[in-house]
Each structure stands twice: as structure tokens, then as C-alpha cells.
Amino acid sequence: MRRTNLAMLATSLLLAAPALAQSTPRSQQLWTPDGAPVNCISLQSIRSTHVVDDRTINFVISNNRMFTNTLPRACAGLGMNRAFSHNSRTTQLCAVNSITVVQRGANRMAGPSCGLGQFQPMKPVPATPAATPPAG
């Protein structure tokens, strides 16, 4: 296996492990868009990732914020395996980068590679107080 593949695998394990360890990921709360999509996010700011399905990845960052990335096309096996690596060679993950699905199993083989989309900033929806029945 080439050195770049090993680096990609190591990165995928780092990105996937926090998301797999959470029983109720923050990304499953109710979220709403918060501004215009951006092309890049800082790799250092990513606290965890949550793969929603074959086209959607939530990147939870510091300060109770999240970016949702909707891939331009479905990435076969992403939703099932919930682990991926990326090809960024900088300190940012950008829409021009691609991800590679890391397949489950003893040898963690690389699956298909797919392009990323823009990163939509999201913020949590404020909790609404429970309605109280009228007195009477």
C-alpha cells in the first residue's frame, strides 16, 4: 500500500471514530441553515463527523456549530460504512477535494471516491417550550 493510502486511512479513522463513539450525535439535533455556503472549512476545527446517508456528511465544529456537506452525487457505500478519508493536502477541507469511502471489515479497504460539495453553515434550532394547557 502506498504511503498516501496509509495517510488517507489514518485520517479516515480519525474522522470516523468520534462520530461512531457518540450514541446521539449532535448532528441529529434540529439544525437550520445559518448563512451562505462556503467552499472550505478548517480541518483543525472539526470535532466530529456524522455520515447521514450516501450524499450527506455533517461536520461538527467548535462553538456548537456544524457544516453540512451535500455531495453533488451519491457516494456508494458511504451511508452504510460511515467512514471516509479525504485527499486534502492543506489545513482546509474544500469543495474541490474528494473523499474515499473506507469499507468496514478487517482490512478496511478503500471504496469509491466522490467529490465534496460546498459546506452549508448550520446552527441549532432553539428549543421551544412545551405548550401548557389553558387554566380552567
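I will try to describe carefully the structure that is included in this document. (Residues numbered from 1 in each chain as written. Predicted model: local features only at pLDDT ≥ 70, side-chain atom pairs only at ≥ 80, totals over all residues. Heavy atoms only, no water.)

**Concerning the overall build of the protein**
Our working rule: Secondary structure elements follow DSSP: runs of H or I of four or more residues count as helices, runs of E of two or more count as strands, with numbering from the N terminus. Classification of residues uses two cut-offs on accessible area relative to the type maximum, computed with a 1.4 Å probe and protein chains only: under 20% is buried, over 50% is exposed, and between them is partly exposed. Note on areas: Shrake-Rupley, 1.4 Å probe, and residue coverage restricted to the protein chains presented here.
Regarding its fold elements, the protein presents 2 helices and 10 strands. Put simply, the protein runs from its N terminus to its C terminus through helices and strands in the order α-β-β-β-β-β-α-β-β-β-β-β. A total of 136 residues make up the protein; the buried ones form 36% of that total. Summed over all atoms, the accessible surface of the protein reaches about 8100 Å², with 56% contributed by carbon and sulfur.

**Details of the state of the cysteines**
Note the following rule: Our working definition of a disulfide is a cysteine sulfur pair at a distance within 2.5 Å.
Tallied over the entire structure, the rule returns 2 disulfides. Note that Cys-40 is cross-linked by a disulfide to Cys-94, the S-S spacing being 2.0 Å. Judged by the sign of its S-S torsion, about 110°, the cystine formed by Cys-40 and Cys-94 is right-handed. Placement of the pair is Cys-40 in strand β2 (residues 40-42) and Cys-94 in strand β7 (residues 92-94), with a sequence separation of 54 residues. Here Cys-40 falls in the partly exposed class, since its relative accessible area comes to 27%.

**Quick word on the pattern of salt bridges**
To keep it simple, the criterion reads: Each salt bridge in this description consists of a side-chain nitrogen of Lys or Arg and a carboxyl oxygen of Asp or Glu lying within 4 Å of one another.
Scanning all chains against the criterion turns up 1 salt bridge. Arg-65 is the partner of Asp-34 in a salt bridge, and the nearest nitrogen-oxygen pair spans 3.4 Å. Here the residue Asp-34 occupies a position in the loop between β1 (31-33) and β2, and Arg-65 occupies one in strand β5 (residues 65-70), the gap between them amounting to 31 residues.

**Some details on the sheet that holds strand β6 (residues 84-86)**
Sheet strands line up and pair through hydrogen bonds in the backbone, either parallel or antiparallel. As a reminder, the rule being used: Think of it this way: DSSP has to see at least two bridges between two strands before they count as a pair. Each axis is a line fitted through C-alpha atoms, and for a helix only the stretch in contact is used; angles between axes span 0 to 180 degrees, taken between their N-to-C directions.
Across the sheet, which stays open at both edges, the 3 strands sit in the order β6-β8-β9 with antiparallel pairing between neighbours. The two strands at the open ends of the sheet, each matched to only one other strand, are β6 and β9 (110-115). Across this sheet, the average inter-strand angle for adjacent strands is 25°, counted without regard to direction. Across 3 bridges, the pairing between β6 and strand β8 (residues 98-102) is antiparallel. For Ser-85, the partnering residue across the bridge sits in β8 and is Thr-100.

**Observations regarding the nonpolar core**
If you look at soluble globular proteins, the nonpolar side chains tend to sit buried side by side. For the record, the criterion: Only buried residues count toward a nonpolar core, which is a set of Ala, Val, Leu, Ile, Met, Phe, Trp, Tyr and Cys residues joined through side-chain atoms within 4.5 Å. By the convention used here, residues are in contact when the closest approach between their heavy atoms is within 4.5 Å.
Counting 17 residues, the largest nonpolar core has Ile-57, Phe-59, Leu-71, Leu-78 and Ile-99 as the members making the most contacts within it. Elements with a minimum of two residues in this core: β3 (46-51), β4 (56-61) and β8. Take this core: its biggest share by element is 3 residues, from β4. Not counting residues within four places of it along the chain, the set of residues in contact with Ile-57 comprises His-50, Val-51, Phe-67, Thr-68, Asn-69, Leu-71, Leu-78, Phe-84 and Ile-99.

**Details of the environment of Thr-32**
By the element assignment, Thr-32 lies in strand β1. Thr-32 sits 92 residues away from Pro-124 along the chain, and the two C-alpha atoms are 6.3 Å apart. Once you skip the residues sitting within four places of it in the chain, Thr-32 turns out to touch Pro-121, Met-122, Lys-123 and Val-125.

**Overview of the pairing of β3**
On a regular strand, each side chain points to the face opposite its neighbour's, so the side chains alternate between the two faces of the sheet. Most of β3 is tucked away: 5 of the 6 residues are buried. In this structure, β3 lies alongside β4, joined through 5 bridges in antiparallel fashion. Looking at β4, one finds that Ile-46 is bridged to Ile-61. Hairpin connection from β3 to β4: 4 residues lie between these consecutive antiparallel strands.

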